[in-house]
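# Fold and geometry: a report
Each chain is listed here by its residues.
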Amino acid sequence: MAGVVWIFLFFALSLPAWAAPHSEATQECLACHVEATPGIVSDWQRSRHAEVTPADALQMAPLYRKVSSPKIPQSLQATSVGCAECHTLNPQTHKDTVEHNGYDVHVVVTPRDCRTCHVQEVDQYGQNLMAHAHGILMKNPLYGNLVEAVNGIQVLGSQGLRMAEVPAHTNDDSCLSCHGTRVEVQGTVSRETDLGEMDFAVLTGWPNVGVGRLNPDGSKGSCSSCHARHAFSMEVARKPNTCSQCHKGPDVPAYKVYQVSKHGNIYASQKAKWNFSSVPWVVGKDFNAPTCAACHASLLVDEGGNVLAQRTHRMNDRLPWRIFGLIYSHPHPKEPDTFSIRNGQGLALPTNLDGSPVRSAVIDAQEQTKRRETLHGVCLGCHSVSWVQGHWARFEKTLEESNRMTRTATELMQKAWERGLARGPQAKQNPFDEPFEKLWVEQWLFFANSVRFSSAMLGSDYSVFDNGRWYQSKGLRDMMRRLEMGRPGAVNAKTR
Amino acid sequence: MAGVVWIFLFFALSLPAWAAPHSEATQECLACHVEATPGIVSDWQRSRHAEVTPADALQMAPLYRKVSSPKIPQSLQATSVGCAECHTLNPQTHKDTVEHNGYDVHVVVTPRDCRTCHVQEVDQYGQNLMAHAHGILMKNPLYGNLVEAVNGIQVLGSQGLRMAEVPAHTNDDSCLSCHGTRVEVQGTVSRETDLGEMDFAVLTGWPNVGVGRLNPDGSKGSCSSCHARHAFSMEVARKPNTCSQCHKGPDVPAYKVYQVSKHGNIYASQKAKWNFSSVPWVVGKDFNAPTCAACHASLLVDEGGNVLAQRTHRMNDRLPWRIFGLIYSHPHPKEPDTFSIRNGQGLALPTNLDGSPVRSAVIDAQEQTKRRETLHGVCLGCHSVSWVQGHWARFEKTLEESNRMTRTATELMQKAWERGLARGPQAKQNPFDEPFEKLWVEQWLFFANSVRFSSAMLGSDYSVFDNGRWYQSKGLRDMMRRLEMGRPGAVNAKTR
Amino acid sequence: MAGVVWIFLFFALSLPAWAAPHSEATQECLACHVEATPGIVSDWQRSRHAEVTPADALQMAPLYRKVSSPKIPQSLQATSVGCAECHTLNPQTHKDTVEHNGYDVHVVVTPRDCRTCHVQEVDQYGQNLMAHAHGILMKNPLYGNLVEAVNGIQVLGSQGLRMAEVPAHTNDDSCLSCHGTRVEVQGTVSRETDLGEMDFAVLTGWPNVGVGRLNPDGSKGSCSSCHARHAFSMEVARKPNTCSQCHKGPDVPAYKVYQVSKHGNIYASQKAKWNFSSVPWVVGKDFNAPTCAACHASLLVDEGGNVLAQRTHRMNDRLPWRIFGLIYSHPHPKEPDTFSIRNGQGLALPTNLDGSPVRSAVIDAQEQTKRRETLHGVCLGCHSVSWVQGHWARFEKTLEESNRMTRTATELMQKAWERGLARGPQAKQNPFDEPFEKLWVEQWLFFANSVRFSSAMLGSDYSVFDNGRWYQSKGLRDMMRRLEMGRPGAVNAKTR
C-alpha cells in the first residue's frame with residue numbers, strides 16, 4: 001500500500017513544468033504584467049497553480065490530492081490556474097468586475113472563486129469563527145463598545161475628554177486588519193497606463209487580507225490570509241509566521257508562546273531540514289515538531305501511511321475549548337455567528353458574568369470529548385499517553401483557575417460599577433472606556449489569555465512574568481486599591 | 001597536528017549507519033513504537049545515539065570525543081544507544097520502573113542514567129545553579145513568598161482580597177515549568193493498548209523537562225531540557241532557541257537581548273552556512289558569531305586546533321558575576337544550594353538590603369578574575385584586547401549603577417514599610433504581595449535585570465526603553481509619588 | 001540588453017579566489033592575526049574584500065558595480081582589500097594611529113576611509129539623520145533633558161529623589177549604543193603580547209558601532225553598523241536583523257511590526273531560497289518580499305533589467321514623512337542637523353506643540369510627492385496601483401489621527417504644567433522627569449509611534465493591543481484622571 005503511495009507521490013512531484021500550458025487569456029495578462037507587476041508574476045510562476053493543470057491534480061489518489069472538488073469545469077481543466085482563470089471567474093457575482101483589455105476582470109478573488117477547485121476547504125473554513133470574524137466583532141454590541149473604546153479619537157472639551165468619532169479607516173487599519181474589512185465598490189476611476197487610459201474599480205476597505213473579509217461578491221474571508229499572495233504556498237501556510245500575523249499580541253499570544261515552547265525551539269532549530277510541501281504530511285519524516293498547522297489543520301500520517309489526523313479547514317474540529325477569554329474561557333461556541341448569543345445578564349457573551357457558560361451557545365461535553373480526542377491524535381504521534389494526559393489535565397486545571405482569577409476581577413468591577421466609580425452596562429454606558437474598566441479588561445484580555453496560551457503550549461514565562469500570573473495578581477491588587485481609594489462623591493462622570 | 005585532527009574528524013563523520021547494530025531489546029521496542037509513537041522513533045533514528053556505538057565513541061581522540069566516561073559497561077558497548085539501553089538502565093533505583101512487555105522499564109530517563117556514558121557533563125551540571133533550581137526556589141522561604149504572591153488564587157471575601165490557595169498544578173504550570181517539578185510515583189494505572197491491557201506508572205509533576213527536576217530515582221535535572229527529546233541533538237542545544245525557552249521573560253531577557261545584539265544579528269543572518277554539530281567547535285570555520293552555548297559551555301578551538309575555551313556543563317566556570325539581581329547583582333554564589341544563605345537582615349538573600357554581598361556566600365575577587373579570563377578567552381577569538389576590555393569595563397560599571405538604582409528603590413520600599421504603607425519582613429508578612437511592593441519588585445526583577453543583560457550583550461533598546469532605564473527612572477518616581485500620597489492612617493492592611 | 005547583463009554578472013561571480021592577491025603588508029598582519037584573532041581573519045577571508053581587487057571591481061558595468069568611486073588610488077588597485085589597506089589608510093588624519101610592528105595602524109576604520117572606494121555611499125549616508133545621530137541627540141537641549149531623565153542616577157536625599165549624575169559610560173551603554181559614541185584618543189597603553197611589549201591606543205567610548213559615531217579622524221558614522229564586522233556583507237545589511245538592532249524598541253518598533261507583517265511572514269518563510277548578495281537586486285528572481293533594505297536603500301530591478309528604484313544610502317530619498325513622532329509625525333526634516341531647529345515655543349522641535357510643523361525646517365509638499373513616488377516605485381513591483389494608493393491613503397490618515405491623539409495628550413500635559421502638577425519648559429525644568437510627564441512621553445514616544453509603524457507595514461496588533469491604540473486611549477484617560485485628582489496645593493515640587 002505504502003509503495004503505491006510513493007509511486008503516486010513520485011509521479012506528482014516529477015510533473016514537468018511544461019505539463020501545464022497557460023490559457024490564451026492568461027498569456028495575454030502575462031504579456032503586460034511581467035513588467036507591470038513583476039513580483040506578482042514571479043510569485044505565480046513558481047506556484048503549483050502555474051505548474052499543474054486541474055486535470056492532472058484530479059488524478060492524484062485521495063490522500064495525495066490537493067483539490068477537493070470532485071468535479072472541476074471542463075473549461076478550466078486543461079490549462080494552468082493562471083491570472084485569467086481566477087480573476088475572470090464568476091464575473092456576474094462580482095460587483096468589482098470591470099472591463100479590462102477586453103476581459104471582465106475582478107480584483108478581489110474570493111473563497112467563492114477558489115471553491116471551484118477547493119470545495120471542502122472553503123466550506124469547512126466557512127464554519128470557522130475566523131470566516132465570520134468581521135461580524136463577530138462589528139455586529140456584537142458589546143464588542144462594538146470595545147472597538148470604540150480602543151479606536152475612538154479623543155479630544156479635550158470643556159467637560160473633559162470626549163469621543164469625537166471612530167473614523168472608518170481607523171477600524172480598517174486596526175481591528176479589521178485581521179478581522180477583515182468590508183470591501184465595497186464605490187465606482188470606477190480612470191487611470192493613464194502604458195496601454196493608455198483604463199478603468200479600475202474603486203474599493204472601500206481595500207487593501208485587506210483579513211480572515212473574515214466581506215467581499216464584493218457577497219462571500220466572506222480571504223484564502224490569501226494564509227496562502228499568501230500569488231504563490232498560494234502550502235509551505236507558507238504551514239509555517240507559524242503566517243499565524244503570527246494575527247496571533248501574537250497580548251490578547252492572543254499564541255505565536256509568542258509557541259516561539260519559546262519546546263515545539264517552537266525545535267522548529268526554529270531544525271526547520272531547514274524539513275519538508276513543508278508534501279501532502280500528506282508525514283510525522284517524523286517531513287517534520288519532527290509541530291507548527292500551528294500541524295496541530296490545528298493539516299492531514300498527518302505516519303511513515304506507514306496511517307492517518308493521525310484528517311485535514312480540516314474548520315479548526316474547531318480540534319478545539320474543545322475556546323481559551324481566548326471573552327471574558328472567560330469556555331467550551332467552544334456551537335455556531336460561528338457568536339454575535340447573536342445573549343447571556344443571563346442580556347450581554348452578547350458566551351458566558352455569564354460569574355463565568356458559567358451559556359449552555360445553549362456552547363458545545364456539550366460529548367462534543368468536547370470528541371474534539372479533544374481528535375487533537376490528542378496529533379499529540380500521540382510523538383508523546384506517550386501519560387505525557388499527553390498529564391499535560392492536558394494540568395492545562396484544563398489552568399483554564400479553571402484562570403477563570404477564577406477573572407471572576408474575582410469581575411466582582412471587583414461590579415463593585416466599582418455599583419459604587420459609581422465607573423459606569424457600565426447597567427448605566428447603558430460603554431463598559432470598557434474608563435480607567436477602572438481598563439484594568440478589568442487587561443485582566444481577562446491580556447493576562448488570563450497569556451496564562452492559558454502558555455499552559456497550552458508550555459511557553460513558560462508567558463504564564464509567569466511576561467503578561468502572566470504576575471500581572472494577574474498585581475492587577476487584582478491594583479483594582480482593590482483603586483476601589484478602596486474611590487469615594488462615590490469623587491467620581492467625575494466619564495473621566496475618572 | 002591539525003592534519004591528525006582532521007583525519008580523526010573525517011573518520012568520525014564517515015562512520016556508516018550500519019556500524020551501530022541495535023540490541024534485541026531495542027528492536028523489540030521499535031517493533032511496536034514505530035507505530036505507537038512514530039515521532040519519537042524517527043527522532044531517535046536520526047540521532048547519533050542510533051548511529052554510533054559506545055565502543056566506537058570511546059575510540060575518538062580526547063578533543064573529538066563526545067563521551068566523557070573513561071569506561072562504559074561492556075554490555076552497552078556493542079550496540080546503539082537505543083530505547084532499551086536508557087529506559088531499562090538502573091531499574092532498581094527508579095521508583096517509576098514498571099513491568100512492560102517483559103522488561104523493567106522506566107519512563108523518566110535521568111541525568112544519573114545519562115551519566116553512564118557522560119560522567120563529566122552530568123557531574124559538572126550537578127554543580128550548576130540550574131541543577132538545583134527546584135530547591136533554590138521552593139526551599140528558600142523568601143522566594144516561596146514570591147511564588148505565592150504570583151501563583152496564589154485570589155478571591156474576594158468580606159475583608160477584601162484573600163489568598164485562597166496555591167494549587168500544586170499551578171506551580172508546575174508556571175515557575176516549575178523551568179525550575180523543574182517534583183516527579184513522584186503515585187501508583188500504576190492499567191490501560192488498554194494494541195497489545196492488550198498494560199500497566200503504566202502514574203506520576204505527579206509529569207510531564208516536565210525543567211532544568212532542576214526532582215526525579216523518581218532521586219537525581220536532579222533533565223538533560224532533555226537542552227538536548228531535546230529523542231534526538232539528543234548538539235545542534236539544538238547550541239542554538240539559542242533552546243535557552244530562549246526559559247531565558248526570555250522580563251525577569252531574565254537574555255535571549256531577547258541576544259536577538260537584537262550584533263551577535264544575534266549575524267547568527268540569524270548567517271546560521272544556515274554554519275556547522276552546529278562538529279566537536280570541537282572551530283571559531284571562524286564552523287561559526288562566525290557566538291550563540292549562548294559558545295560563550296557559556298562549548299569547547300572552542302581555532303583552525304590550528306588551539307583551545308580557546310574548554311567544554312563545561314558547569315556554566316559558572318565562565319560567570320564571574322550573577323547579573324540576575326535577587327535583588328542586587330553580585331559575585332557568583334559559591335554553592336548552588338543558595339536557599340541556605342542568610343544575609344545581615346536574616347533574609348535568604350546573597351546580598352544585604354543595602355546591596356553589599358554576603359561575603360561568605362559568594363566567590364572572591366580571585367575566583368572572579370579567573371572566571372572573567374576564561375570568558376574573555378572566548379571574546380578574544382574575534383575581538384581585540386582593547387575591545388574586550390572596553391566592553392567589560394563599561395559592563396561592570398553598569399552592574400554597579402544598576403545596583404545603585406535598586407538601592408534607591410529599596411530605600412523607598414523600606415520607608416513604605418516603616419510608614420505602614422505596606423507590610424513586609426519585619427511584620428512577618430509577604431514582602432511581595434502589596435501594590436507598593438510590586439513596584440519595588442519590578443525595579444530589580446524586570447528593569448535592573450534588563451539593563452544588565454542588555455549591557456552584557458549590547459542589546460541596545462533593552463537598556464533604554466524596552467523595560468530598561470526608562471522604566472527604572474519612571475518606577476522610582478512612581479514609588480516616591482505613592483510614598484508621598486500615602487498616609488499611615490489610610491492604610492488598609494493587605495489591600496493597599 | 002539583459003543578455004549582456006547576465007554575461008557581466010556571470011563574469012563577476014566566477015572570479016576565482018586567486019584573482020585577489022594580498023599585499024605584503026596584509027600578509028604580515030595575517031601571519032599573526034590568524035592566531036591572535038581567528039574570528040576576524042576568517043570573517044574577512046570569506047568576504048568580497050578578500051576575493052576581489054579594486055581593479056577588477058572597477059571593471060563592472062555601472063548597474064553591477066559595488067564600488068562607486070570613479071577612481072581608486074593606483075596603489076590599492078592590484079591587491080585585495082586587506083587588513084593593511086584599511087587600517088593604515090589616511091594615517092595622518094587618524095588621531096588613533098599607533099606604531100604597530102613597523103606600520104602606522106589605526107583601530108577605528110571610518111567612513112572617510114571607506115570613502116576611498118565607496119564615495120557615493122559615504123556621501124549619501126552623511127546626509128542621513130543617522131550619520132548625525134550623536135549630535136541630534138546630544139546637542140538638542142530638549143532631547144538632552146530626555147537623556148538625563150532616562151539615564152540619570154537617582155538617589156534618595158532628605159528632600160526626596162534627586163539626580164546624582166549621568167555617568168558618561170551610561171550614555172555610551174544606552175542611547176549612544178545606537179546613536180554613536182564620541183571616540184577619542186586618551187593616550188596609549190603598553191601591553192605584553194606574543195610578540196613582546198606593544199603599544200595600543202586608549203580610546204573613550206570604545207567599542208561602539210553606533211550609526212552616528214564621532215570618530216578619531218573627525219568623521220561621523222560607522223559603516224560596520226550595518227555591514228557588520230570584517231565580512232562587510234551585503235547579505236547581512238539586506239536582512240532585517242541588522243536594522244532590528246536599533247529599530248525594535250517601543251519607541252521605534254519597525255522590526256517588530258515587520259515580523260508580523262505579510263512581508264515579514266513571507267521573508268521568514270521563504271528567505272532560504274532567496275539571493276541576498278546579487279547586485280542589482282532582482283524583484284521576483286532574487287527575492288519575493290521586501291526587507292528593510294529593499295524598500296529603503298537597495299537598487300532594485302525587474303527581470304528585464306528595468307530599474308524600480310535606484311540605490312541610495314540617503315534613506316530620506318524614499319521618506320516623505322518622519323513617522324517617528326518627536327513629538328508629532330511630520331514631513332521629513334530638510335537637514336539632518338535637526339538640533340538647531342526651534343519651534344514657535346522656542347523648543348528644539350520640528351513641530352509646534354499643537355502639532356503644526358515648523359515649515360522652514362521640513363520638506364515641502366512637492367518634495368514629499370517626489371519621495372512618495374520613489375517609494376511607491378518599490379511597492380508597485382508587487383502591488384497594483386489601487387492596492388498601493390489604498391494602503392497609502394489609509395496610512396496618511398493614520399498619521400493625522402495619531403497626531404490628533406498626541407495633541408490631546410499634549411493639551412492635558414499643558415494643563416498639568418499650568419496647574420503646577422508638574423514643572424515643564426516654562427518653569428525651565430526638565431519636561432520629561434515627573435510622573436505626569438512620563439505618561440505624556442509614552443503617549444507619543446511609544447503608543448503613537450507603534451500605531452504609525454504598524455499602519456505603515458500592516459503589523460496588525462501593534463496598532464491595537466501591543467503598545468497601540470489600546471494604550472493611547474487608556475493613557476489619555478489616566479492622564480485625565482490624574483489631572484482631576486491633582487490639587488495644586490498637594491504638589492511636591494519635583495517628586496510628584
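The rules we used
- Residues numbered from 1 in each chain as written.
- Chains lettered and ligands numbered in written order.
- Predicted model: local features only at pLDDT ≥ 70, side-chain atom pairs only at ≥ 80, totals over all residues.
- Heavy atoms only, no water.
- Contact = heavy atoms within 4.5 Å.
- Buried area = accessible area lost by both parts, 1.4 Å probe.
- Salt bridge = Lys/Arg side-chain N within 4 Å of Asp/Glu carboxyl O.
- Polar contact = N/O pair within 3.5 Å; in protein donor to acceptor, adjacent residues only side chain to side chain.
- Helix = DSSP H or I, 4+ residues; strand = E, 2+ residues; numbered from the N terminus.
- Nonpolar A, V, L, I, M, F, W, Y, C, P; charged D, E, K, R; others polar.
- Patch = residues over 30% accessible without salt bridge, like charges linked within 9 Å, V, L, I, M, F, W, Y side chains within 5 Å.
- Areas by Shrake-Rupley, 256 points an atom, 1.4 Å probe, with all protein chains shown as cover.
- Lys, Arg positive; Asp, Glu negative; His and termini not counted.
- Charge placed at Lys NZ, Arg CZ, Asp CG, Glu CD.
- Buried < 20%, exposed > 50% of the residue type's maximum accessible area, 1.4 Å probe, protein only.
- Disulfide = S-S within 2.5 Å.
- Phe/Tyr/Trp six-rings, centres within 6.5 Å; stacked < 30°, edge-to-face > 60°.
- Lys NZ or Arg CZ within 6 Å of the ring centre and 35° of its normal.
- Axes fitted to C-alpha atoms, helices over the stretch in contact; angles between N-to-C directions.
- Parallel < 35°, antiparallel > 145°, perpendicular 65-115°, else oblique.
- Left-handed = near helix turned anticlockwise from the far one by under 90°.
- Domains from an automatic or database assignment.
- Pairing = 2+ DSSP bridges.

An unreviewed UniProt entry annotates chain A as Seven times multi-haem cytochrome CxxCH of Desulfacinum hydrothermale DSM 13146.

In this complex, chain C contributes 57 residues to the contact, which on the side of chain A involves 66 residues. Here chain C and chain A share an interface that buries about 5,700 Å² over both sides, 53% of which is from carbon and sulfur atoms. Among the residues chain C hides against chain A, the three largest losses belong to Arg394, Trp470 and Arg477 of chain C. Together they make up 15% of the total. Taken together, the connections running from chain C to chain A amount to 5 salt bridges. Between the two partners, chain C and chain A, sit 36 residue pairs in polar contact (both at pLDDT 80 or more). Looking at the side of chain C that touches chain A, the elements with two or more residues in it are helix H17 (262–270), helix H20 (385–418) and helix H22 (469–485) of chain C. Tallied by class, the residues present in the side of chain C that touches chain A amount to 19 nonpolar, 20 polar and 18 charged.

Moving on: a negative patch on the surface. All names here are of chain A. Side chains of Glu99, Asp104, Glu192, Glu197 and Asp199 sit close together on the surface and give a patch of like negative charge. Considering the arrangement of structural elements, one finds glutamate 197 in strand E6 (residues 196–203). Overall, glutamate 197 belongs to the exposed group, its relative accessible area being 55%.

Tallying each qualifying case throughout the model produces 3 disulfides over all chains. Through a disulfide, cysteine 178 of chain B is tied to cysteine 246 of chain B; the S-S separation comes to 2.3 Å. With the S-S dihedral at roughly -100°, the linkage between cysteine 178 of chain B and cysteine 246 of chain B falls on the left-handed side. Remark: cysteine 246 of chain B occurs in the loop between helix H15 (240–244) and helix H16 (254–259) and cysteine 178 of chain B occurs in helix H13 (residues 175–179); sequence separation between them is 68 residues. No disulfide involves cysteine 83 of chain B; its nearest neighbouring cysteine sulfur is the one of cysteine 29 of chain B, lying 4.5 Å away. On the basis of relative accessible area, cysteine 83 of chain B is assigned to the partly exposed category, the value being 22%. The thiol of cysteine 379 of chain C is unpaired, and the distance to the nearest cysteine sulfur, on cysteine 295 of chain C, comes to 6.2 Å. Overall, cysteine 379 of chain C belongs to the partly exposed group, its relative accessible area being 23%.

Let us look at a nonpolar patch on the surface. Residues Met485 of chain A, Met485 of chain B together with Met485 of chain C make up a contiguous nonpolar surface patch of roughly 210 Å² in combined accessible area. Tracing the backbone shows methionine 485 of chain A in helix H22 (residues 469–485). Methionine 485 of chain A gets classed as partly exposed once you look at its relative accessible area, which sits at 30%.

Moving on, we come to the packing of aromatic side chains. Residue and element names in this part refer to chain A. Scanning the model with the defined rule gives 54 aromatic pairs over all chains in all. Between tryptophan 274 and phenylalanine 276 the ring centres are 6.2 Å apart and the planes differ by 40°, which places this aromatic pair in the tilted class. A relative accessible area of 3% means that phenylalanine 276 is categorised as buried. Taking 5.4 Å as the distance between ring centres and 75° as the angle between the ring planes, the aromatic pair formed by tryptophan 417 and tryptophan 440 counts as edge-to-face. Of this pair, tryptophan 417 sits in helix H20 (residues 385–418) while tryptophan 440 sits in helix H21 (residues 435–457); the two residues are 23 residues apart in sequence, bridging distant segments of the chain. Exposure class is identical for tryptophan 417 and tryptophan 440. Each is buried. The lysine or arginine in question, lysine 239, covers the ring of phenylalanine 276, its NZ or CZ lying 4.9 Å from the ring centre.

Here the structure, examined in full by the defined rule, presents 42 salt bridges over all chains. Across the pair glutamate 367 of chain B and arginine 371 of chain B runs a salt bridge, and its minimum N-O distance is 2.8 Å. You can see glutamate 367 of chain B and its partner arginine 371 of chain B sitting in helix H19 (residues 365–379), 4 residues apart, about one turn around the helix. Each of Asp173 of chain A together with Glu401 and Arg469 of chain C takes part in one network of salt bridges that share partners.

Residue and element names in this part refer to chain B. Contact geometry of helix H21 (residues 435–457) with helix H22 (residues 469–485) gives a least axis separation of 9 Å together with a crossing angle of 165°. In terms of orientation, H21 lies roughly antiparallel with respect to H22. In this structure, H21 meets H22 at a crossing whose hand is left-handed. Residues Pro435, Phe436, Leu439, Trp440, Gln443, Phe447, Ala448 and Val451 of H21 pack against Arg469, Tyr471, Gln472, Gly475, Leu476, Met479, Arg482 and Leu483 of H22. Across the contact of H21 with H22, the residue classes break down as 11 nonpolar, 3 polar and 2 charged.

Residue and element names in this part refer to chain A. The domain boundaries assigned to chain A delineate domain 1 (1–87), domain 2 (107–225) and domain 3 (314–495). Between the C-alpha centres of domain 1 and domain 2 there is a distance of 29 Å. If you look at the interface, domain 1 gives 13 residues, while domain 2 gives 11 residues. In total, domain 1 and domain 2 occlude about 820 Å² of area from one another, counting both sides; carbon and sulfur atoms represent 61% of this. Three residues stand out in domain 1 for area buried against domain 2, namely Ser68, Ser69 and His87, and they jointly supply 46% of the buried area on that side. Remark: the boundary between domain 1 and domain 2 carries 0 salt bridges.

Our focus in this paragraph is the sheet that holds strand E9 (residues 307–309) of chain C. Residue and element names in this part refer to chain C. The strand order across the open sheet built from 3 strands is E7-E8-E9, with neighbouring strands paired in mixed fashion. Each of the sheet's edge strands pairs with one partner strand only, and the pair in question is strand E7 (281–282) and E9. Relative to E9, strand E8 (residues 300–301) is paired through 2 bridges, and the arrangement is antiparallel. Bridge pairing links valine 301 to valine 307 in E9.

Here we take up H17 of chain C. Working note: α-helix, 3.6 residues per turn, so residues spaced by three or four point in the same direction. With 8 of 9 residues buried, H17 of chain C lies mostly within the body of the structure. Within the span of H17 of chain C, buried status applies to Lys262, Gly264, Asn265, Ile266, Tyr267, Ala268, Ser269 and Gln270 of chain C. Looking at the buried residues of H17 of chain C, the elements they touch are helix H14 (234–238) and helix H15 (240–244) of chain A together with helix H15 (240–244) and helix H16 (254–259) of chain C. Where H17 of chain C begins, one side-chain oxygen reaches toward the backbone nitrogen of histidine 263 of chain C, 3.3 Å away; that side chain belongs to serine 261 of chain C.

Along the chain, proline 73 of chain A turns up in the loop between helix H5 (54–58) and helix H6 (74–77). Considered as a pair, proline 73 of chain A and phenylalanine 339 of chain A are 266 residues apart in the sequence and their alpha carbons are 37 Å apart.

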